[in-house]
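Residues per chain are reported as follows:
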Amino acid sequence: MTLREEVERSGRIKILFFPYGKREWFKKGVCIFDAAKALGIDLSSLCGGKGTCGKCKVKIEKGMKGLNSLTEQELKHITEEEIEAGYRLACQTMPTTTVSVYVPERSRIGKQRLQTAGLEVLVEQLNPFVRKYPVKLPEPTLHDSRSDEDRLLDALNAKYNLPTELDLNFEVAVDLANKLRDADWTVTAVKWKNKIIDIEPSDTSDRCFGFAVDVGTTKLAGFLMDLNTGKVVAVAARMNPQIPLGEEVMSRISHQMLEGQKGVEELQAAVVSGINEMIEECCEKSNVKTSEIYEICCVGNTAMQLCFLGIYGRYVAFAPYPPVLRRGVDIRASSIGLVSHPRANAYYAPVIGGFVGADNVAVILATRMLDSDEICLALDIGTNTEIDLGNKDLVMVDSCASGPAFEGMQIKHGMRAATGAIERVSIDPETFEVNYRTIEEKPPVGLCGSALVDVPAELLKAGLIDLTGKFVSEMAKETDRLRRGLKGIPEFVLVPQPETATDTDITITQGDIRELQKAKAAMRTGAEILMKRLGEKRKETVTESDISKLFMAGAFGNYIDPENARTIGMYPELPLERVEFVGNIAGTGARMCLISKEEREYAEKIATTVKYHELAADEDFQKEYLDALFFPHKNLDRYPDTANLLRRLGRIK
Amino acid sequence: MSRKEEIFERLRQAVILGETEECAKAAQDAIDAGIAPMKVIKEGLSKAMEVVGDKFENKEYFLPEMLLSAEAMYAGLELLLPLLKTERAERKEKIVLGVVEGDIHDIGKNIVKAMLTAAGYEVVDLGVDVPASEFIEKASEEEIGVIAMSTMMTPTLVSIKDVEEKLAKKGLKGKVKTIIGGGTVTEQWRSKLGSDAYGKDAVEAVDKVKTLVEEIKEAVKLMERKRKKRGSQAGECR
């Protein structure tokens, strides 16, 4: 008997909710709606679970056979197609075996906060690869019987003095004769690089669009761009539909390994469908036809590159983690099912290494680190955090498995940044009262990443945890909030139950603190090792005072309190005014590469010049990591301001 | 408290608090006082590491404390082990430990090594990125061999499967037992990959290894008995 069977026999089953990644054991026969509520999942409902409103539609991804049959109420609300696809009403469905439940966007109350804004970098020259050239051709006569193709190319060269030799795509040539004559010889040629990819009737030169995509492991962000102005026309965001196939990059690669070609195709189809939905949404919002999108430019990590292009990625996951392709890749968008002009190009920006992808190229591109005289540090925080350090002489990068703790995973009351998530926390060091703020000021459901930075910092300042991260048990005398929870492990009550939107207190446990320590220490170690190794290359030590700027990238980076992040030692102690939040920089990079040939060339240059350092193989890794596990760091000399603060508060001598 | 007990207590405190020098000093004092080294290890170092393990389990101790304690324990062992000549010559089970091929994350493995060592096992540490053949070669050399593998990543779980398949091919399953652990490893994965045991942390790993060793011993005994029986039957015929 497997463990799962054993547990199921004992009357408990596991329910997994996607795209949240939440999972919990429940009594057999629990209704999915109640399970969702218990976990603080923002499942929509008007009737409160009576099966009359039909709002709580969910898709059963796995475990179909353990469900009760469709109820009458369900048949009223669910179409045949939906039944086929595995949809049920959560409030009518009682699983008796372990199930995976996908909560579609429309069945969620609060939209997840999907950050799409990012640093706007002035692109010096708007110079997209796609250009439109309206032209009027002379009609053929007995004295001028040039081919239609020559007639067109001659006219374009005569009018626009185009530098490269033009090449008419054969698919365009097939229909060229009719197109020219139907349009009465006034047409617009659509050029991508030196290829004519379409001939459109009359002058359409004012309508030329492209689509930039940030292909995140968790989130997708899409930007409809006007290639005539370089401006954003519309923005859309989605959870990455690949999540049910694996929550993070390693599980996605594992999915490819386990399922083979089928898995490769599933992952590709999932991300393409997500991008297509965003394209359609943006086009609808702004009255643009999808056929007016002539190029799609994607930026994401290396695993996403593989999934997007449909490449088998096994070896990226094994030391020494080589990527399959480093250069930027051009493919026809329609060949992988992207909705756009039939001959639109899709470009995936270059990657640096197996764990440092095009998203990190975008960080360097947008922050201009590689042009800077002064040394800059950049942190792109996610499940994997990439760290860049350097200036115009040399930029080095490493990547660490910081884990999903700051995304609310593996944290007892952790959640993603959605409605009801606590996003800010402060603790009164005298009374230990907790002040908090939630997203959209709804009753608290759980803690999202920014609060998970605040909590350890505040506990530390209040003397509730010590520098090793351990709860100070004597403080239980001072406040009831500090108590022993499950298995006698200490926890601190942040919000007592009557105030919460769930049926339990919201706490932070000793185990949670340990997870956060591991995550922040990984990031800090990444920075420390780079400071050492860059110093060796520069033949001069690189210290905190040499770092003129810290760029914090990533959606999460934008919401965190920089001082609290510093107090827990997430990054080296720099004056706070040197910290700059740059937001979703992969999106910025994708837009830059879409609208500028020069930026795209620069991205290619970054991918070949930035030096990757393998962190886990560094001889000092273990020592530095162990030192970085402390709050803020084992060596307090490296954190003089934080040490002073703690001294003033009487936390250290 | 007797003099002996006093030294044991000093050793235990040194390990629990991660004081390397004090641990070495106390170990030396124990040797000078003529206490049997095996007893010093068992009563001092091993007991202390059990306490450390418990503290880790209930989250009071974390990785740095754990590794400091391990360091202190190793300092004591360094002095005590060479004196265990006679006992060492005895048939002894060996644990062949390493991070699987394709992975290089080894902090967890190092903690498991410390806990196994403290529990009295001889650990052969193969390091990181260890090919399947190396695990098998080393473990099959031993009379009683357990392979302990760890990985932090999901894709490298296939490297565990590789070891299991190669063991089966060579007909070594049952004679060599395997235990797995690490960031992404779960009980579900264990049954999928075909390993003999899963340890959710270093403390549980020690308990599971104990069971595996007992199982191998039983199997070896059974085989010996069969062999003897066959031998005596053959004798009768003659």
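Criteria and cut-off values
Residues numbered from 1 in each chain as written. Chains lettered and ligands numbered in written order. Predicted model: local features only at pLDDT ≥ 70, side-chain atom pairs only at ≥ 80, totals over all residues. Heavy atoms only, no water. Domains from an automatic or database assignment. Contact = heavy atoms within 4.5 Å. Buried area = accessible area lost by both parts, 1.4 Å probe. Salt bridge = Lys/Arg side-chain N within 4 Å of Asp/Glu carboxyl O. Polar contact = N/O pair within 3.5 Å; in protein donor to acceptor, adjacent residues only side chain to side chain. Core = buried A, V, L, I, M, F, W, Y, C linked by side-chain atoms within 4.5 Å. Buried < 20%, exposed > 50% of the residue type's maximum accessible area, 1.4 Å probe, protein only. Helix = DSSP H or I, 4+ residues; strand = E, 2+ residues; numbered from the N terminus. Pairing = 2+ DSSP bridges. Axes fitted to C-alpha atoms, helices over the stretch in contact; angles between N-to-C directions.

**With respect to the domain arrangement of chain B**
All names here are of chain B.
No. 1: By the assigned domains, chain B splits into domain 1 (1-89) and domain 2 (91-238).
No. 2: One C-alpha centre belongs to domain 1, the other to domain 2, and the line joining them spans 26 Å.
No. 3: Listed as interface residues are 13 residues of domain 1 and, on the opposing side, 14 residues of domain 2.
No. 4: A buried area of about 1200 Å², summed over both sides, lies between domain 1 and domain 2, and 69% of it is on carbon and sulfur atoms.
No. 5: Of the charged contacts in the structure, one is a salt bridge between E57 and K200, with a shortest N-O distance of 3.4 Å.
No. 6: For the interface between domain 1 and domain 2, the tally reads three residue pairs in polar contact (both at pLDDT 80 or more).

**Examining the nonpolar core**
Residue and element names in this part refer to chain A.
No. 1: Within the largest apolar cluster, 124 residues are counted, with the highest numbers of intra-cluster contacts made by F406, L447, L459, F492, I508 and M570.
No. 2: Among the elements that take part in this core, helix α13 (residues 510-538) stands out by supplying eleven residues, more than any other.
No. 3: If sequence neighbours within four positions are ignored, F406 has contacts with G449, L452, V453, L516, A519, K520, M523, F556, I568 and M570.
No. 4: V249, I352, Y602 and I606 belong to the second largest nonpolar core, which has 94 residues in total.

**Comments concerning the side chain of A:T509**
No. 1: Take A:T509: it is sitting in strand β24 (residues 506-509).
No. 2: Note on A:T509: relative accessible area 12%, which makes it buried.

**Here we look at the sheet that holds strand β18 (residues 395-400) of chain A**
Think of a sheet as strands paired side by side through backbone hydrogen bonds, with each pair either parallel or antiparallel.
Residues and elements named next belong to chain A.
No. 1: If you trace the six strands from one edge of the open sheet to the other, you get β26-β25-β16-β17-β18-β27, paired in mixed fashion. One side of each edge strand has no neighbouring strand; the edge strands of this open sheet are β26 (579-583) and β27 (611-612).
No. 2: The pairing of strand β16 (residues 375-380) with strand β25 (residues 547-553) spans six bridges and is parallel. What sits directly across from L377, in β25, is L550.
No. 3: Against the sheet, helix α11 (residues 358-367) touches β16, β17 (385-390), β18 and β25, its axis set at about 40° to β17.

**A look at the sheet that holds strand β1 (residues 94-99) of chain B**
Residues and elements named next belong to chain B.
No. 1: Read across the open sheet, the five strands follow the order β2-β1-β3-β4-β5; overall the sheet is parallel. With one partner strand each, in any of the chains shown, β2 (122-125) and β5 (197-198) form the two edges of the open sheet.
No. 2: In this structure, strand β4 (residues 176-181) lies alongside β5, joined through two bridges in parallel fashion. Considered in β5, the bridge of I180 is made with Y198.

**Some remarks on the pattern of salt bridges**
Residues and elements named next belong to chain A.
No. 1: One pass over the full model with this rule turns up 64 salt bridges over all chains.
No. 2: Here R524 ties to E544 by a salt bridge, and the two come within 3.9 Å at their closest N and O atoms. Placement of the pair is R524 in helix α13 and E544 in the loop between α13 and β25, with a sequence separation of 20 residues. The two residues R524 and E544 agree in class, both being buried.

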